[in-house]
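Now for the letters of each chain:
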Amino acid sequence: MDRRTVLRATVAGGAAAFSGSLWAGAALAAPAQPGTSPYGPLQAADANGIQLPAGFTSRVIARSRQPVPGTSYPWHDAPDGGACFVAGTGWIYVSNSEISSTGGVSAVRFNADGSIASAYRILSNTNRNCAGGATPWGTWLSGEEVSRGYVYETYPQGGKAGVRRAAMGRFTHEAAACDPDRKVIYLTEDESTGCFYRFRPTTWGDLSAGTLEVLVAGTATSGPVTWARVPDPDGSPTYTRNQVSGAKRFNGGEGCWYADGICWFTTKGDNRVWAYDTVNQRLDLAYDDSLVPGTAPLTGVDNITGARSGDLYVAEDGGNMEINIITPDEVVAPFLRITGQSSSEICGPAFSPDGSRFYFSSQRGTSGSSSGGITYEVRGPFRS
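An unreviewed UniProt entry annotates the protein as Translocation protein TolB originating from Micromonospora deserti.

If you want it as structure tokens, here you go:
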């Protein structure tokens, strides 16, 4: 019996096992299922090769190894995780570079009207900067996706060097999500037997010291969880994921997003979106392709972000190169699809501070090479 069959039987025989808190306290009766997008069907591909719902448009913001339009700054190879930050009357989009040894983070500053004001580097010569997360105090946490990698705290406004935050643990870092209510930062690990962590800074807003903890639970896909301190965050000689007995294993941790008491995170090895209820300290499945009858709309589950509407936007690493929306009423549907780039992956989804513009990258573009990365902006009637 394969994984799809086992999981479907579990849901059919015990839906109550999937109960729990989800969007703003709504009951999670079962993982999200395919349905009609609130934006309607995708239209024919536009001039940039992107299929969008009616009323939405795209533009190219940057291409790897080419100057960002209106600047002399060449965009980095292999753009990956990203986020937006307020900058005066405009905003800044930051983007990781998933390149070995010469990775780091670049930034594009936008004027209030959306025109590009400048572009620049905010972190250099780090190792495979994959995903990360924004902090409430306006910095970007950039993780190294290598064994015993570090988190770097970077400064989107520029003019200040990024700082290594060793206290946040050394492991194969992916994404980070800040929970200002409990004053912790959640962290994912991109290993087939990886863990889900949280970091408790000694002083909120100062990441130089604190306690690293790992989520502890059984093998079930839902239920109550606890946390245990990782004895040696440096992960040497014993990897952090192997230091605590009972630490729950996740198959390839990827994106991470916190909102309204829920920390959402994704695992690419089993195409799942998880919901950790921070108030009730329980874990539930928000999406699993194995629990979708027929063809699942969302595969290659990777980066994730949220909108003011409560909608989640989940990017695909591979699949059919889509970003899917998961609505608060548990409907999953394509929001956009990139054509002609089947050897790439979609990374770095993020909304501008006012929620009117949406950014993302195709890591390898049409060439299938890290030097062919493309970063886009989408505008349209996003739900508020």
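Asks: Looking at this structure, I do not really get the overall build of the protein. What am I missing?
Replies: Helix and strand counts for the protein stand at one helix and 28 strands. What you see for the protein is a C-alpha radius of gyration of 20 Å, in line with the 21 Å of a compact globule of 384 residues. Taken along the three principal axes of its C-alpha coordinates, the protein extends 55 × 45 × 35 Å. Out of the 384 residues in the protein, the part that is buried amounts to 59%. Restricting to contacts in the protein with at least 6 residues of sequence separation, those with at least 24 account for 51%. Across the protein, the mean location of the 31 positive side-chain charges is 3 Å away from that of the 36 negative side-chain charges.

Asks: What should I look at first to understand the sheet that holds strand E11 (residues 163-164) in this one?
Replies: Paired through their backbone hydrogen bonds, the strands of a sheet run either parallel or antiparallel. An order of E8-E9-E10-E11 is seen for the four strands of this open sheet, with the pairing classed as antiparallel. Two strands bound the open sheet, and with one partner strand each, they are strand E8 (129-134) and E11. Summarising the sheet, strand E9 (residues 140-144) and strand E10 (residues 151-154) pair through four bridges and their orientation is antiparallel. Bridging across to E10, Leu141 finds its partner in Glu153.

Asks: I would appreciate a short explanation of the pairing of strand E19 (residues 262-267) in the present structure.
Replies: Burial analysis of E19 places six of its six residues in the buried class, the great majority of the element. Of the two faces of E19, the one lined by Ile262, Trp264 and Thr266 and the one lined by Cys263, Phe265 and Thr267 are each fully buried. In sequence, strand E18 (residues 253-259) turns back onto E19 through a hairpin of two residues, with Asp260 there showing a positive phi of about 50 degrees. Relative to strand E20 (residues 272-277), E19 runs antiparallel, the two sharing six bridges.

Asks: What am I meant to see in the nonpolar core here?
Replies: Across soluble globular proteins, nonpolar side chains have a tendency to be buried as a group. Ranked by internal contacts, the top residues of the largest apolar core, which has 22 residues, are Tyr313, Phe335, Leu336, Phe358, Phe360, Val378 and Phe382. Elements supplying a minimum of two residues to this core: strand E23 (312-316), strand E24 (322-326), strand E25 (331-338), strand E26 (346-351), strand E27 (357-362) and strand E28 (374-379). Of all hydrophobic cores here, the second largest spans 20 residues; its members include Ile185, Leu187, Val216 and Ala247.

Asks: Explanation requested: the sheet that holds strand E21 (residues 282-288) in the structure shown.
Replies: Pairing within the open sheet is antiparallel, and its five strands lie in the order E16-E21-E20-E19-E18. Two strands bound the open sheet, and with one partner strand each, they are strand E16 (223-224) and E18. In the sheet, E18 pairs with E19 via five bridges, with the strands oriented antiparallel. Among the inter-strand pairings, Cys256 is bridged to a residue of E19, identified as Phe265.

Asks: Even after reading the chapter, I still don't get the environment of Cys347, so can you show me in this structure?
Replies: On the secondary structure map, Cys347 appears in strand E26. On the accessibility criterion, Cys347 (0% relative accessible area) is buried. Remark: the alpha-carbon pair of Cys347 and Pro231, spanning 116 residues in sequence, is separated by 33 Å. Setting aside its immediate chain neighbours within four residues, Cys347 contacts Pro79, Asp80, Gly81, Asn303, Phe360, Ser361 and Gln363.

Asks: What am I meant to see in the pattern of salt bridges here?
Replies: Pairs can form between side chains of opposite charge whenever their charged atoms are close. Per the stated rule, a full pass over the model turns up 21 salt bridges. In this structure, Arg182 engages Asp181 in a salt bridge whose closest nitrogen and oxygen atoms are separated by 3.7 Å. What makes Asp181 exposed here is its relative accessible area of 55%. Between Lys268 and Asp190 there is a salt bridge, with the nearest N and O atoms lying 3.0 Å from each other. Taken together, the residues Lys268 in the loop between E19 and E20 and Asp190 in the loop between strand E13 (184-189) and strand E14 (196-203) connect sequence positions 78 residues apart. According to the relative accessible area criterion, Lys268 is partly exposed, its value standing at 34%. One network of salt bridges, in which partners are shared, links Arg59, Arg357 and Glu377.

Asks: Sorry, what's going on with unusual backbone geometry here?
Replies: Leaving glycine out, the prevailing phi sign among residues is negative, and the prevailing peptide bond configuration is trans. In this structure, the amide linkage connecting Ser236 to the following residue, Pro237, adopts the cis form with an omega of 5 degrees. Despite not being glycine, Ala78 has its phi angle at roughly 45 degrees, a positive value. What makes Ala78 buried here is its relative accessible area of 2%. With a phi close to 70 degrees, Ser101 is a non-glycine residue in the positive phi region. Structurally, the position occupied by Ser101 is in the loop between strand E5 (90-97) and strand E6 (104-110).

Cut-offs and rules
- Residues numbered from 1 in each chain as written.
- Predicted model: local features only at pLDDT ≥ 70, side-chain atom pairs only at ≥ 80, totals over all residues.
- Heavy atoms only, no water.
- Helix = DSSP H or I, 4+ residues; strand = E, 2+ residues; numbered from the N terminus.
- Rg over C-alpha atoms; globule rule 2.2 N^0.38 Å.
- Buried < 20%, exposed > 50% of the residue type's maximum accessible area, 1.4 Å probe, protein only.
- Contact = heavy atoms within 4.5 Å.
- Lys, Arg positive; Asp, Glu negative; His and termini not counted.
- Charge placed at Lys NZ, Arg CZ, Asp CG, Glu CD.
- Pairing = 2+ DSSP bridges.
- Core = buried A, V, L, I, M, F, W, Y, C linked by side-chain atoms within 4.5 Å.
- Salt bridge = Lys/Arg side-chain N within 4 Å of Asp/Glu carboxyl O.

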